[in-house]
Amino acid sequence: MALKIVKGSIDRMFDKNLQDLVRGIRNHKEDEAKYISTCIDEIKSELKQDNIAVKANAVCKLTYLQMLGYDVSWAAFNIVEVMSSSKFTFKRIGYLAASQCFHEGTDVIMLTTNQIRKDLSSPNQYDTGVALTGLSCFVTPDLARDLANDIMTLMSHTKPYIRKKAVLIMYKVFLKYPESLRPAFPRLKEKLEDPDPGVQSAAVNVICELARRNPKNYLSLAPLFFKLMTSSTNNWVLIKIIKLFGALTPLEPRLGKKLIEPLTNLIHSTSAMSLLYECVNTVIAVLISLSSGMPNHSASIQLCVQKLRILIEDSDQNLKYLGLLAMSKILKTHPKSVQSHKDLILQCLDDKDESIRLRALDLLYGMVSKKNLMEIVKKLMLHVDKAEGTTYRDELLTKIIDICSQSNYQYITNFEWYISILVELTRLEGTRHGHLIASQMLDVAIRVKAIRGFAVAQMATLLDNAHLLTGNTQRNGICEVLYAAAWICGEFSEHLEDPKQTLEAMLRPKVATLPGHIQAVYVQNAAKLFATVLRNQEGAPEAAQETSQLMIERLPLFVQSANLEVQERASCILQLVKYIQKLQQKDVEVAEEVTALFAGELNPVAPKAQKKVPIPDGLDLDAWINEPPSESESEDEKPKAVFAREEPKHTRTRHTEVDEKELAKRREARKQEQANNPFYIKASPSSQKVYQDAPGVEHIPVVQIDLSVPLKVPDQYVKMEEERRQKDNDKKKKEKKRKRDKRGRGKHADSGPESEEDITPAQQVDIMTEEMPENALPSDDDDKDPNDPHKALDIDLDKPLADSEQLVARTHRSAEVLKSPGGDGDGETITPEPKKKTRKDKKEKKKVKDKERTRSAEDKKNKKKHKHDPEEEEAKIEEAITLVNAEEAQPAAAADLDFWLTTDAAPSSAQEAVAATIPEVPIEAEPSEVKEAEPEEMKSKHKKKKPKKEKEEMEREKKKKKKRHHHHRSDREETESVQNGTMEEEEEEPLPPMSNYCLLAENDYIKMIKQEKDKVYDIQGNLQDGSQVVVSIIFQNKSSSVLKSMEFNVLDSLNSKLERPEGATPHDALTVPFQLPPDVSNEARFVFAVQSIVMPQKLKGTLTFIVKSDDSATHEKLDFKLHFTCTSYLITTPCYSDAYAKLLESGDLKSSSLKLEGVTMPFHHSLARICFHHHFSVVERVDSCASMYSRSIQGHHVCLLVKTADETVSIDAKCDELMLLENVLDEIKQTFSQS
Amino acid sequence: MIKAILIFNNHGKPRLSKFYEHYSEDTEQQIIRETFHLVSKRDENVCNFLEGGILIGGSDNKLIYRHYATLYFVFCVDSSESELGILDLIQVFVETLDKCFENVCELDLIFHVDKVHNILGEMVMGGMVLETNMNEIITQVDSQNKMEKSEYPVTAQGFIPRASCSKLAGLMLKEPLLSVSYVWPSVIPVTFEQLSSHIYIN
């Protein structure tokens, strides 16, 4: 202190500055904590001083101490004081400290709001900058709400330095205050095209970060980003954009198609490895999204794989690592292209870098096939031997097991080999994964019945050599395998060659050193073995007594165990054996009864089975079950459950017969009983017995396996397997040859390597599928985090801003606002608003006019005394409203995107759009009698009653042969067309049959047929829903198995969404509400919400289902594409010629035309065609000229004037939506070109 | 997003820590310790990525690090960042430090962690990359330092107090992070020559 006074200078007021503190700490290495605590005391006293410089210095030191792990939150208020200093030097210290230790829980943070606002509008750009940087670290919801507007203003600051910081911090603001996203978004979007590259890059950064979490809201920005991608040269920006596209493509496959070319160009041209890598990654994402049916992309895959190979071969470990990482993504969809690089991957296993080895292991997982599994595992086993350090070795071990067990042991052809691999793995000392090996042993032994004999023999050897495994006390994880070995030997003891020897091995004193839970299994299974031994020794009472004696001698060791479980079981069994011995001494045959103790077999149950049992209807789990019991519980229920095995047939039939109510009742009764019985856990049926009820056990073929196979190294099995395959192959080749000879055609002999299918499994092993309850509930996604802050940012950005959403400008701060250096204060945020309004107003006015016009037309219609119900009138008005809303913004944006995405595909339609005016329609005053087409629903109902007929119809789709079956149908169509056309045509030649069914997709199991015409406009459709379209799909089972658990899913596009039940996410599948027995078809309807109807839509979808035959059940899937043509949005609507004329006169309609040449069919056929396929109705027809009308579900009027002359049909058309019109015309053209 | 930026030396002593999500001081120290444990046992010639992001929010995260002389620079990032881009960002960071401190060495970071923070603040903001252009960063840092000097000439010492610490500091601490001139026996610094082959962004 004295020194300080002597120096006298204000600058030397500090006892210590940061450097002194650091130096001091370094000099007090021995008593650092003590030294620091004295320093903190000094800091505390410094903070009490009034001098801001002293305070700032103290805060600076605190920041350093915070890094060392000291809590400095007690100084939060002082930090705020330093932050509010007018000097930049101190301000910066304050903000730094705040950014390091403030968080949402800091209470003084609310004091900073005004200070921060002041700094944000400071004339000094560095004050603003430092405030923004600090705020980005500690922004809270309150701060975000209060400051959002100020920051938004800064996004248009004159200095790029501020602009880029303001843009970047907006992301944090959005996260904390999601309401700010929509008002701020337009400006953020603007910044994508900021002249300053730094600001641009910041905007890209923010939008990418937003889009990554909720990509579908940002699809409409794709064209803009596409432009940036093709124009930018900044690799940092390019990488972000390309990464963003990687997130967008799964939502919109058309985007992917557009991206392939520029990305491929970049891959070829760039020298920057980072950019190359990201391009490859996004191309992979595109290819994944396009995975079905794009043959011409094999070149892109090849390019990716080839580039990745270059990366992997690079000496730079980073590139190698990333190459392998990207390779694993390709592997998922295009395994073949990766598999050819197996050599390279295996080479990476030898890399000195563990990360790279692990990546290579990951890849191997996807690369195995039946053919190479053994080879790959053999290589891995070599690595296991070489691997030092247990972590990598453990990783290898788990990978070997993963690789072998993947997809239900799909690639294992020889389970003997696999068991011996597992046994081999038990030799690893010190591994943590003993339980993994154990569970595999158990799983294989239980589920692969044919292997049990072999497995038991191997396990017996393991038990015999248990001392080798337990060498290293209890910490050795590998002894877990003894758990499996003991259980397998006990459970399947009938396969044991010498059960007595195994029994002795299990009762060795050394066993007592094993962990308790393993000992418990030993004891229990010793009892099982004992039963088997007794059975074998029937007729040899002395030997049997000897065995009992052995048990009685050895078991006391376990009775003394400290482990409760072991002790309990041991003493139980000991008493039992003693009793048995007594009986034996009386010469009673006990073997039978002892065996009965362990009768029964196990059936594997799927891990989630319990969770998936659906709650039966009418059962309320929360309801009070346990009203005081008035009746005596049903005694006879219990024994039934316990001895279910005795009447398996009965129980099985019950499965199907018992209805839900009865089940619920029974369950209720059981619960009551259990609740009253304190021992109900014991009384309830043991799991072992429950499994018995399930069907399926009988279907497992049992194959005899030579039990005398000794434990050998896996190599032998590999050889054996190879020999076997060779033999198999030879045989097959011979057979093939014979066949070929018979046919006498010398096709090329397949001398190539044996293909996957050529390998037949050694055993006809049928792996039992794990059981799931009937009607299991669809999987629930537990992986979604409800607390994810990004969920709140799932906001539709294309909707127009409502007034209420504008960020509130704080007018009472006007003085500060004036100081704002940007020059464009809050004024600018408000200005766009009135502009928008006027536009909206105009639109509205126009619509009102429209509406009036439609109405007047309709009024006239009504005057014509035709029965028009008022409901329809209402619907019309609503439609008009929908139209107004629909046109406003969102569908427009969607349409823009659609247009951008399809520009490549549809330039022809644009060329055809030659403006044409519809000439005056020759009007005859008399309105023709036009009836509305038969309601679609009736039709389909009609069909449902006649599934047979329907099937035939489908067959006709395929072959078009059995025409004669369709009299009924074509008759009806004829009358329909007659109704649509004018009456006089009757004598003309009959119309060819037309069908509105189209094949959607088919495979070996199922055929999906879509009824095109079927659609319903939802009159109740509210403003935002747009319209709904119902699609009827007929599912026809072509196989001889039952198809069940069908799930229908469609990848929603921006415009069309499958209506899912409430609470379902957009990725959830809909369950088809029926099962299909063989050769049966049924119809299901799916409702789609459609936003814009002016463009045709294609939706990709998948149908997954389970093919259940007698002895197996496989999952299958079928991909399909749903095509919503514009036609399908049209409803056949009658129109009267005068209303029609009014409509044409109004002049609001845009026109287009179409010429069809070479149309040879009679004119009335052409008209019928248009009526039938495109849902038009004929308004009038005069000779070779007809006017037609239709209306879209969103109320667009479509008028056609069709004329014919010299095999040419020309169509002049008008519609209030040009895009819609052109698409409809296109579709008409297609209909005619198909004929 | 960048979740955290850590700088620690070969012994795990933190030289700078910047977390873009809030953790308690104890958790922060634990994260630093465990990250050091993961990173320090890796050889020099292995890849610079580690999938050990369990410490900071989930499996989406990666540790991307570079080792310069006596210091480890570790960035914990999620999947929205380009791995190679971040490696280059670390390089930009170190080169910027080198420019600002003139042959930066560990000692500079020990005594001027606040200045390192200020430089970092011009590069990364709230976990997002703000600026990657070294000249732009240096310009901004310099003009802010100038402002500081004009405000408060005495406290705002220059960037070179190294002479005053030389008595205390061992040789190792003064080893330039970016240099070939001095090679500490156990640690081979990444040299400029080597570096040129490790630039991915351009």
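Conventions adopted
- Residues numbered from 1 in each chain as written.
- Chains lettered and ligands numbered in written order.
- Predicted model: local features only at pLDDT ≥ 70, side-chain atom pairs only at ≥ 80, totals over all residues.
- Heavy atoms only, no water.
- Helix = DSSP H or I, 4+ residues; strand = E, 2+ residues; numbered from the N terminus.
- Buried < 20%, exposed > 50% of the residue type's maximum accessible area, 1.4 Å probe, protein only.
- Contact = heavy atoms within 4.5 Å.
- Areas by Shrake-Rupley, 256 points an atom, 1.4 Å probe, with all protein chains shown as cover.
- Phe/Tyr/Trp six-rings, centres within 6.5 Å; stacked < 30°, edge-to-face > 60°.
- Lys NZ or Arg CZ within 6 Å of the ring centre and 35° of its normal.
- Pairing = 2+ DSSP bridges.
- Expected span 1.5 Å × (residues − 1).
- Arc of directions from axis to C-beta.
- Polar contact = N/O pair within 3.5 Å; in protein donor to acceptor, adjacent residues only side chain to side chain.
- Axes fitted to C-alpha atoms, helices over the stretch in contact; angles between N-to-C directions.
- Parallel < 35°, antiparallel > 145°, perpendicular 65-115°, else oblique.
- Left-handed = near helix turned anticlockwise from the far one by under 90°.
- Nonpolar A, V, L, I, M, F, W, Y, C, P; charged D, E, K, R; others polar.
- Buried area = accessible area lost by both parts, 1.4 Å probe.
- Salt bridge = Lys/Arg side-chain N within 4 Å of Asp/Glu carboxyl O.
- Patch = residues over 30% accessible without salt bridge, like charges linked within 9 Å, V, L, I, M, F, W, Y side chains within 5 Å.

Trainee: I'm lost on the overall build of chain A in this one. Help?
Mentor: Secondary structure assignment for chain A yields 52 helices and 15 strands. Of all 1235 residues assigned to chain A, the portion counted as buried reaches 51%. Of all intrachain contacts in chain A linking residues separated by at least 6 positions in sequence, the fraction that spans at least 24 positions is 73%. When the accessible area of chain A is evaluated, it comes to approximately 59500 Å², of which 52% is carbon and sulfur surface.

Trainee: I'm lost on the packing of aromatic side chains in this one. Help?
Mentor: By convention here, two paired aromatic rings are described through the distance between centres and the angle between planes. Applying the stated criterion across every chain yields a total of 16 aromatic pairs over all chains. Look at Tyr65(B) and Tyr72(B): their rings are 6.3 Å apart centre to centre, the planes differ by 55 degrees, and that puts the pair in the tilted class. Each member of the pair Tyr65(B) and Tyr72(B) is classed as buried. Lys44(A) extends its terminal NZ or CZ atom over the ring of Trp74(A), reaching a point 4.9 Å from the ring centre. A cation over a ring is seen here: Arg357(A) above Tyr392(A), with NZ or CZ 4.0 Å from the ring centre.

Trainee: Any chance you could explain the pairing of strand β12 (residues 1177-1182) of chain A here in plain terms?
Mentor: Working note: regular strand, side chains alternate between the two faces of the sheet. Residues and elements named next belong to chain A. Most of β12 is tucked away: five of the six residues are buried. Pairing between β12 and strand β13 (residues 1185-1192): five bridges, direction antiparallel. Each residue of the ladder has a partner; that of Val 1178, found in β13, is Met 1188. Here β12 folds back onto β13 in antiparallel fashion, the turn holding two residues, of which Asp 1183 has a positive phi close to 50 degrees.

Trainee: Where do I start with helix α17 (residues 298-313) of chain A in this structure?
Mentor: An α-helical turn contains 3.6 residues, so any two residues separated by three or four positions project in the same direction. All names here are of chain A. With 16 residues, α17 should reach 22 Å at 1.5 Å per residue; the first-to-last C-alpha distance of 22 Å fits that figure. Those residues of α17 lying buried are Ser 300, Ile 301, Leu 303, Cys 304, Val 305, Lys 307, Leu 308, Leu 311 and Ile 312. Tucked into the core, α17 has its buried residues touching α15 (253-269), α16 (273-289), α18 (317-333), α19 (335-339) and α20 (342-348).

Trainee: When you look at helix α29 (residues 499-506) of chain A in this model, what are you seeing that I'm missing?
Mentor: Residue and element names in this part refer to chain A. Within the sequence span of α29, burial applies to Pro 499, Thr 502, Leu 503, Ala 505 and Met 506. One side of α29 carries all its buried residues, which in axial view fall inside an arc of 160 degrees. Each element contacted by the buried residues of α29 is listed here: α26 (452-464), α28 (480-491), α30 (516-536) and α31 (541-559).

Trainee: For this particular structure, what's the right way to read the environment of Leu550(A)?
Mentor: Residue and element names in this part refer to chain A. Within the secondary structure, Leu 550 is located in helix α31. Each C-alpha atom of the pair Leu 550 and Leu 507 lies 8.8 Å from the other, and the pair is 43 residues apart in sequence. In contact with Leu 550, not counting residues within four places along its chain, are Leu 503, Glu 504 and Leu 507.

Trainee: Help me out: how do you make sense of the side chain of Asn9(B) in this one?
Mentor: Residue and element names in this part refer to chain B. If you trace the backbone, Asn 9 turns up in strand β1 (residues 2-9). Owing to a relative accessible area of 5%, Asn 9 belongs among the buried residues under this scheme. A polar contact is formed between the side chain of Asn 9 and the backbone nitrogen of Lys 13, at a distance of 2.9 Å. If sequence neighbours within four positions are ignored, Asn 9 has contacts with Arg 15, Phe 36, Thr 70, Leu 71, Tyr 72 and Glu 106.

Trainee: Got a minute to help me understand the packing of α15(A) against α16(A) in this structure?
Mentor: When two helices pack together, their arrangement is given by the angle between their axes and by how far apart the axes lie. All names here are of chain A. Here α15 crosses α16 at 150 degrees, and the two axes come no closer than 9 Å. Taken together, the axes of α15 and α16 lie roughly antiparallel to each other. Note that α15 runs across α16; the crossing there is left-handed. Contact residues: α15 offers Pro 253, Gly 256, Leu 259, Ile 260, Leu 263, Leu 266 and Ile 267, while α16 offers Leu 275, Leu 276, Cys 279, Val 280, Thr 282, Val 283, Val 286, Leu 287 and Ser 289. Residue composition of the contact of α15 with α16, grouped by class: 13 nonpolar, three polar and no charged.

Trainee: Can you walk me through the side chain of Thr132(B) in this structure?
Mentor: Counting through the fold element by element, Thr132(B) comes out in the loop between β7 (128-129) and α5 (134-151). By relative accessible area, Thr132(B) is classed as buried at 18%. Those residues within four positions of Thr132(B) in sequence are excluded, and the remaining contacts are Trp236(A), Leu89(B), Val92(B) and Ile137(B).

Trainee: For this particular structure, what's the right way to read the interface of chain B and chain A?
Mentor: Note: interface size is frequently given as the accessible area lost on complex formation between the parts. The partner chain A presents 67 residues to the 68 residues of chain B that form the contact. Regarding the contact of chain B and chain A, the summed buried area is about 6400 Å², with carbon and sulfur atoms giving 55% of it. The interface formed by chain B and chain A contains eight salt bridges. Here chain B is connected to chain A by 34 residue pairs in polar contact (both at pLDDT 80 or more). Here the side of chain B that touches chain A gets eight residues from one element, more than from any other, and that element is α5(B). In the side of chain B that touches chain A, the residues fall into 25 nonpolar, 25 polar and 18 charged.

Trainee: Got a minute to help me understand the sheet that holds strand β8 (residues 1097-1108) of chain A in this structure?
Mentor: Residue and element names in this part refer to chain A. Overall, antiparallel pairing links the four strands, which are arranged β6-β4-β8-β9 in an open sheet. Of all the strands in the sheet, the pair left with one neighbour each is β6 (1070-1071) and β9 (1113-1124). The sheet contact formed by strand β4 (residues 1042-1050) and β8 spans seven bridges and is antiparallel. The partner of Lys 1044 across the bridge, within β8, is Ile 1106.

Trainee: Is there a simple way to explain the packing of helix α12 (residues 197-213) of chain A against helix α14 (residues 235-248) of chain A in this structure?
Mentor: Residues and elements named next belong to chain A. Contact pair α12 / α14: the axes reach a minimum separation of 10 Å and the direction vectors enclose 20 degrees. Compared by their axis directions, α12 and α14 come out roughly parallel. Where α12 crosses over α14, the two elements pack in a sense that is left-handed. Of the residues in α14, those touching α12 at Ser 201, Val 204, Asn 205, Cys 208, Glu 209 and Ala 211 are Val 237, Lys 240, Ile 241 and Leu 244. Counted by class, the contact of α12 with α14 contains six nonpolar, two polar and two charged residues.

Trainee: Quick question: what am I supposed to make of a nonpolar patch on the surface here?
Mentor: A cluster of nonpolar side chains, namely Phe77(A), Met110(A) and Leu111(A), defines an oily patch on the protein surface of about 340 Å² accessible area. Looking at the element boundaries, Leu111(A) is found in the loop between α6 (88-101) and α7 (113-120).

Trainee: What is the right way to read the pairing of strand β7 (residues 1081-1090) of chain A from this model?
Mentor: Residues and elements named next belong to chain A. Burial of β7 is extensive: seven of the 10 residues sit out of reach of the surface. Bridging between strand β3 (residues 1027-1037) and β7 involves 10 bridges; their strand directions are antiparallel. Within β7, the position partnered with Ile 1033 by the bridge is Ala 1084.

Trainee: Sorry, what's going on with the pattern of salt bridges here?
Mentor: When the charged atoms of two side chains lie near each other, side chains of opposite charge can form a pair. All names here are of chain A. Summed over all chains, the structure comprises 40 salt bridges over all chains. Its salt-bridge partner being Arg 145, residue Asp 146 comes within 3.4 Å of it at the nearest N-O pair. The class of Asp 146 is buried, set by a relative accessible area of 16%. Judged by its relative accessible area of 42%, Arg 145 falls in the partly exposed class.

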